[in-house]
Amino acid sequence: DAPSFKTPRMKEAVRVGCQGTVGANSETAAQAFFPERHIQFYPTFEQVFEAVESGELEYGVLPIYNSTSGTVTQTVDLMGKYSFFITAMNQVEVMHCLAALPDAKMENITEVYSHPQALSQCSDFLDARSLHSHDYSNTATAAKMVAESGDKTIAAICSEDCAKHNRLQILASRISNVVPNFTQFICITKDPVIYAGANRISLIIAFDNRPGALYEILSKLAALDINMTKLESCPVAGSDFEFVFFLELDASVQDPSVLAMLEEMERSCAEFQF
């Protein structure tokens, strides 16, 4: 049977959350989805998924892909663990800067803290100056830590707004390897919600490890002339080299032929998450 979709009510949402703290790029993305709404912050991506699944949040906002460093693996790894639906996607231009305490000098900075994605996106800048990088949960929480540290030899990679919010000095601007640098964010919710004109489908699938199994899936897409914008294999944590596949398709579930194809795919796959 055709799935039942709720009427979109994003405009009325009041319980919205993301990972990080004030000034995080996730907050920027969340405010773009929900202008002038209070955003609730969580320490980890997993806590955002948990809050959506439990109903504590109506919507959660998470990064999924960066134009420089690729897939945000922390998000994709959690997608197979929780029950949720993607209802919207947007993108934010990420303008990283190097921020430190007031009166800190560039030549005295030795250690830099930020989210692994941000460190990867700014690796050329860090390598050219022989700066040691350290993973932190979020760009904004890294900036907050630097602001509270009292240490003028450490710095954070964060947004300029975040640096200003934490009263940090900006030592260098637009330090990404590639400029402009964009991150895509997904907005997730507990129940399926779809807007008229929605044209992106995301799937996580698994099938028997045998010759031609992936081809059978791809041939179904080719038969309907469906463009696949992402195909990524993801290892299953704790398994002996087992994989699931993350797919994104340019297609609409409101198209009867696409819906029939998805139903056939669900029957033939060992695991199927829409």
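For clarity, every value in this text was computed on a predicted model and none was experimentally measured. (Residues numbered from 1 in each chain as written. Predicted model: local features only at pLDDT ≥ 70, side-chain atom pairs only at ≥ 80, totals over all residues. Heavy atoms only, no water.)

## Considerations on the overall build of the chain
Reasoning step 1: Counting its regular elements, the chain contains nine helices and 15 strands.
Reasoning step 2: Computed over the C-alpha atoms, the radius of gyration of the chain is 21 Å, within 12% of the 19 Å expected from 2.2 N^0.38 for a compact globule of 274 residues.
Reasoning step 3: Taking the principal axes of its C-alpha atoms as reference, the chain extends roughly 65 × 45 × 35 Å.
Reasoning step 4: Taking all 274 residues of the chain together, 47% fall into the buried category.
Reasoning step 5: A fraction of 73% describes how many contacts in the chain between residues 6 or more apart in sequence connect residues 24 or more apart.
Reasoning step 6: As presented, the chain carries roughly 13,700 Å² of accessible surface, and 49% of it is formed by carbon and sulfur atoms. (Helix = DSSP H or I, 4+ residues; strand = E, 2+ residues; numbered from the N terminus. Rg over C-alpha atoms; globule rule 2.2 N^0.38 Å. Buried < 20%, exposed > 50% of the residue type's maximum accessible area, 1.4 Å probe, protein only. Contact = heavy atoms within 4.5 Å. Areas by Shrake-Rupley, 256 points an atom, 1.4 Å probe, with all protein chains shown as cover.)

## Some points on the side chain of Thr189
Reasoning step 1: Its location among the elements puts Thr189 in strand E11 (residues 182–189).
Reasoning step 2: When its relative accessible area of 7% is taken as the criterion, Thr189 is described as buried.
Reasoning step 3: A polar contact is formed between the side chain of Thr189 and the backbone oxygen of Glu58, at a distance of 2.9 Å.
Reasoning step 4: Leave out the neighbours within four places in its chain, and Thr189 touches Val52, Glu58, Tyr59, Phe84, Phe85 and Thr87. (Polar contact = N/O pair within 3.5 Å; in protein donor to acceptor, adjacent residues only side chain to side chain.)

## Examining the sheet that holds strand E14 (residues 243–250)
Reasoning step 1: Strand order in the open sheet formed by four strands is E13-E14-E12-E15, and the pairing between neighbours is antiparallel. Each having just a single partner strand, strand E13 (227–235) and strand E15 (271–273) make up the two edges of the open sheet. Sheet twist, expressed as the average angle between the axes of neighbouring strands with direction ignored, equals 20 degrees.
Reasoning step 2: As judged from the eight bridges shared by E13 and E14, these two strands associate in the antiparallel manner. Bridge pairing in E14 places Glu232 opposite Phe246.
Reasoning step 3: Here helix H9 (residues 256–268) sits on the sheet and contacts strand E12 (200–206) and E15; the angle it forms with E12, its principal contact strand, is near 15 degrees. (Pairing = 2+ DSSP bridges. Axes fitted to C-alpha atoms, helices over the stretch in contact; angles between N-to-C directions.)

## Examining the state of the cysteines
Reasoning step 1: Applying the stated criterion across every chain yields a total of zero disulfides.
Reasoning step 2: Left without a disulfide partner, Cys18 is nearest to the cysteine sulfur of Cys187, which lies 11 Å away.
Reasoning step 3: Cysteine Cys97 is unpaired, with the sulfur of Cys158 as its nearest cysteine sulfur at 4.3 Å.
Reasoning step 4: Cys97 sits in the buried class, given a relative accessible area of 0%. (Disulfide = S-S within 2.5 Å.)

## Regarding the packing of helix H8 (residues 213–223) against H9
Reasoning step 1: Taken N-terminus to C-terminus, the directions of H8 and H9 make an angle of 175 degrees; their axes are 11 Å apart at the nearest point. One element, H8, and the other, H9, form an angle in the roughly antiparallel class. From H8, Ile217, Lys220 and Leu221 reach across to H9, where they touch Met261, Glu264, Met265 and Ser268.
Reasoning step 2: Split by residue class, the contact of H8 with H9 holds four nonpolar, one polar and two charged. (Parallel < 35°, antiparallel > 145°, perpendicular 65-115°, else oblique. Nonpolar A, V, L, I, M, F, W, Y, C, P; charged D, E, K, R; others polar.)

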